[in-house]
Amino acid sequence: MMRTKRRAVSDDDYINWKKVKIMLTEAMELIDTSIEKIRKKLDENNDEEWTQVDQMIASITVNKLFSENIGPKVWNYLSRSLCNKYDCVLKERILGKVIPSLEGKKNDKSLVKEILEEWALFEIYLNNVQIMFKPADELGRLPTVSPILPWSLRARSKHNFCIRVWGKFSCEIDHLLNEMNDSSERLHEDSIKFVLFYYEMGQATTATDIHTNRSLVCVRLE
């Protein structure tokens with residue numbers, strides 16, 4: 001009689017997927033509520049929204065997704081789901097807040113400075129949002145989980161910001177930087193910061209070649 005070889009038991013064998021999906025749905029609903037609280041706190045200066053208690057509840061809820069459902073397969077699933085949600089949150093903020101703020105200044109010579117200022121404001125937003133997505137950032141890049149997040153959420157955020165801003169204002173940015181390049185005047189400090197800003201984004205990620213654009217790498221820095 002042939003003996004069947006026993007398969008090694010892993011944590012994934014004990015996962016209750018129905019429970020996982022229910023917990024994930026509840027967490028996503030809480031994330032949506034929290035995103036609205038963050039918006040009100042930052043955009044409406046409402047300090048009664050997104051309090052420390054709110055932050056603690058949101059953080060604990062997302063952390064419990066991972067602490068109560070252990071295993072590479074389920075962590076892969078949770079990380080991927082949260083990563084997709086994070087991208088949607090970024091897209092909504094950039095298209096709903098950042099792009100409209102820059103629209104009225106796209107023909108202004110201060111556009112590059114305005115983009116840097118918008119990024120600074122966007123970072124404040126990210127600092128609040130990432131409170132909820134920290135587990136996905138940490139566990140989503142573990143070798144045992146698979147490279148769901150090849151780079152950190154911070155790098156992913158900058159990539160999303162740069163791609164969408166460049167996609168909307170590339171002509172204006174290109175024209176402005178070429179004007180500066182043709183000028184005999186020394187570049188303004190903000191313009192240098194802008195070039196380095198996009199260059200660092202390109203160094204942090206490999207999914208874009210924005211930083212190789214001629215106008216960005218040929219600008220006269222001396």
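The shown structure was predicted, so the numbers you read here are calculated from the model rather than taken from an experiment. (Residues numbered from 1 in each chain as written. Predicted model: local features only at pLDDT ≥ 70, side-chain atom pairs only at ≥ 80, totals over all residues. Heavy atoms only, no water.)

K.L.:
Please clarify how the packing of aromatic side chains should be interpreted in this entry.
P.N.:
Two descriptors summarise a pair of aromatic rings, namely the distance from one centre to the other and the angle between the planes of the rings. Throughout the structure, instances matching the rule amount to nine aromatic pairs. Between tryptophan 17 and tyrosine 77, the aromatic rings sit 5.6 Å apart at their centres with planes inclined by 80 degrees, giving edge-to-face as the arrangement. On the criterion of sequence distance, the pair formed by tryptophan 17 in helix 1 (residues 17-43) and tyrosine 77 in helix 3 (residues 72-103) is long-range, its members being 60 residues apart. For tryptophan 17, a relative accessible area of 29% corresponds to the partly exposed category. Ring centres of phenylalanine 122 and tyrosine 125 lie 6.2 Å apart, and the angle between their planes is 25 degrees; on these two criteria the pair is classed as stacked. Of the two residues, phenylalanine 122 and tyrosine 125 are both situated in helix 4 (residues 111-139); the distance of three residues between them amounts to about one turn of the helix. (Phe/Tyr/Trp six-rings, centres within 6.5 Å; stacked < 30°, edge-to-face > 60°. Helix = DSSP H or I, 4+ residues; strand = E, 2+ residues; numbered from the N terminus. Buried < 20%, exposed > 50% of the residue type's maximum accessible area, 1.4 Å probe, protein only.)

K.L.:
What should I look at first to understand the environment of lysine 37 in this one?
P.N.:
Positionally, lysine 37 belongs in helix 1. Exposure remark for lysine 37: the relative accessible area of 23% places this residue in the partly exposed category. Residues lysine 37 and glutamate 49, spaced twelve residues apart in sequence, show a C-alpha to C-alpha distance of 5.2 Å. The residues contacting lysine 37, other than those within four sequence positions of it, are Glu49, Trp50 and Asp54. (Contact = heavy atoms within 4.5 Å.)

K.L.:
In this structure, what is going on with the pattern of salt bridges? I would like to understand it.
P.N.:
Two side chains bearing opposite charge may form a pair once their charged atoms approach each other closely. Applying the stated criterion to the full structure yields 15 salt bridges. Residue glutamate 36 pairs with arginine 39 through a salt bridge whose shortest N-O separation is 2.8 Å. Residue glutamate 36 and its partner arginine 39 are both found in helix 1; the two are separated by three residues, about one turn of the helix. Exposure remark for arginine 39: the relative accessible area of 29% places this residue in the partly exposed category. In this structure, the salt-bridge partner of aspartate 43 is lysine 97, at a minimum N-O distance of 4.0 Å. (Salt bridge = Lys/Arg side-chain N within 4 Å of Asp/Glu carboxyl O.)

K.L.:
Would you mind showing me how to read the confidence of the model for the protein chain here?
P.N.:
The predicted coordinates of low-pLDDT regions are not to be read in fine detail. Per-residue pLDDT for the protein chain averages 81, and the proportion of residues at 70 or more is 73%. The spread of mean pLDDT over the elements of the protein chain runs between helix 7 (residues 214-217), the lowest at 42, and helix 1, the highest at 97. Long-range and interchain partners of residues 205-222, a stretch whose pLDDT sits below 50, account for 47 contacts in this model, where long-range means more than four residues apart. (pLDDT = per-residue confidence, 0-100.)

K.L.:
In this structure, what is going on with the nonpolar core? I would like to understand it.
P.N.:
In summary, soluble globular proteins display a tendency toward joint burial of nonpolar side chains. Among the nonpolar cores identified, the biggest contains 50 residues, and Phe122, Met132, Phe161 and Val165 are the most heavily contacted of them. For this core, the secondary structure elements donating two or more residues are helix 1, helix 2 (52-67), helix 3, helix 4, helix 5 (153-182) and helix 6 (189-204). When residues in this core are grouped by element, the largest group, 13 residues, is from helix 4. Setting aside chain neighbours within four positions, we find valine 165 in contact with Val98, Ile99, Leu102, Ile115, Ser170 and Tyr198. (Core = buried A, V, L, I, M, F, W, Y, C linked by side-chain atoms within 4.5 Å.)

K.L.:
Explain the environment of isoleucine 94 to me, please; I cannot follow it from the model alone.
P.N.:
Mapped onto the secondary structure, isoleucine 94 falls in helix 3. Given a relative accessible area of 0%, isoleucine 94 falls into the buried group. Sequence separation between isoleucine 94 and arginine 164 is 70 residues, and the spatial gap between their C-alpha atoms is 7.6 Å. Filtering out sequence-adjacent residues up to four positions away, isoleucine 94 remains in contact with Ile99, Pro100, Phe122, Asn160, Phe161 and Arg164.

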